[in-house]
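# Architecture at a glance
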Amino acid sequence: LDYEKKWLRKAIENKTHILGICLGAQLIADSMGGRAYLANEIEFGFKNLEFLSNDSIYDSFNNTSVFTWHRDTFDLPPNAKLIAQTDFPQIFTLSNAVALQFHPEIETELFNLWYSSDVSKQELKGYQVDSEVVYLKDNLSKLKINMNEFLNKWITL
């Protein structure tokens, strides 16, 4: 992903608006002087964010759970501002880039696609996958609204 990281670095240095989700957040961190790496544990499931900074663009993620499923994490690059976290950094900004480690785009079909492989099933052995799927199904309309509210605010930046 060297080419992508070089492109991101140049785009961010040129103050281009960038939105990175999951791998995108990791690449932003890694390309701008932070470090992306394999975490000791998987973060999986719906989690509440701990906000360290208030900005109305993220209001739709306040007081609600966001979906996490990642093995990789990152150290923040210099001059990045950490907005929210769980046990891992979840939202940070740097210049005109916004990085989300969680998955606001999650929906049932996408989850099923990700979970369909034997590798995923083995990776999540011991996690409460069924209860997370129930939560997803029960809250799907609210999750979509939250994502769209955020995206509409981000587009206007």
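Up top is the structure.
Residues numbered from 1 in each chain as written. Predicted model: local features only at pLDDT ≥ 70, side-chain atom pairs only at ≥ 80, totals over all residues. Heavy atoms only, no water.

## So, the environment of Q128
Under the convention used in this document: Labels follow the DSSP assignment, with helices taken as runs of H or I lasting at least four residues and strands as runs of E lasting at least two, numbered in each case from the N terminus.
Mapped onto the elements, Q128 comes out in the loop between α4 (118–123) and α5 (129–155). Taking C-alpha positions, Q128 is 17 Å from I106, a pair spaced 22 residues apart along the chain.

## Quick notes on the sheet that holds strand β7 (residues 97–100)
Operational definition: At least two bridges found by DSSP between two strands is the condition for calling them paired.
Taken in spatial order, the 5 strands line up as β1-β7-β6-β5-β3 in an open sheet, and their pairing is mixed. Both outer strands of the open sheet, β1 (18–21) and β3 (50–51), are each paired with one neighbouring strand and no more. Across 4 bridges, strand β6 (residues 89–94) lies against β7 in antiparallel orientation. Its bridge partner being in β7, F92 is matched across the sheet by A99.

## Digging into helix α1 (residues 2–13)
In an α-helix there are 3.6 residues to a turn, and that puts residues three or four apart on one side. Formally: One less than the number of residues in a helix, times 1.5 Å, gives the span that helix is expected to have. For each residue, the accessible area found with a 1.4 Å probe, counting protein chains only, is set against the maximum for its type, and the residue is called buried under 20%, exposed over 50%, and partly exposed in between. Arc definition: it is the arc formed by the directions from the helix axis to the C-beta atoms. When checking whether two residues touch, look at their non-hydrogen atoms; a contact exists if any pair is within 4.5 Å.
Under the 1.5 Å per step criterion, the end-to-end length of α1 is 16 Å for 12 residues, consistent within 8% with the ideal 16 Å. Listed as buried for α1 are L8, A11 and I12. Viewed along the axis of α1, the buried residues span an arc of 95 degrees, placing them on a single side of the element. Opposite the packed face of α1, turned more than 90 degrees from it, sit the exposed residues D2, Y3, K6 and K10. Where α1 is buried, its residues touch β1, α2 (23–31), β6 and β7. Once α1 finishes, K15 follows within two positions and takes phi at roughly 65 degrees, a positive value.

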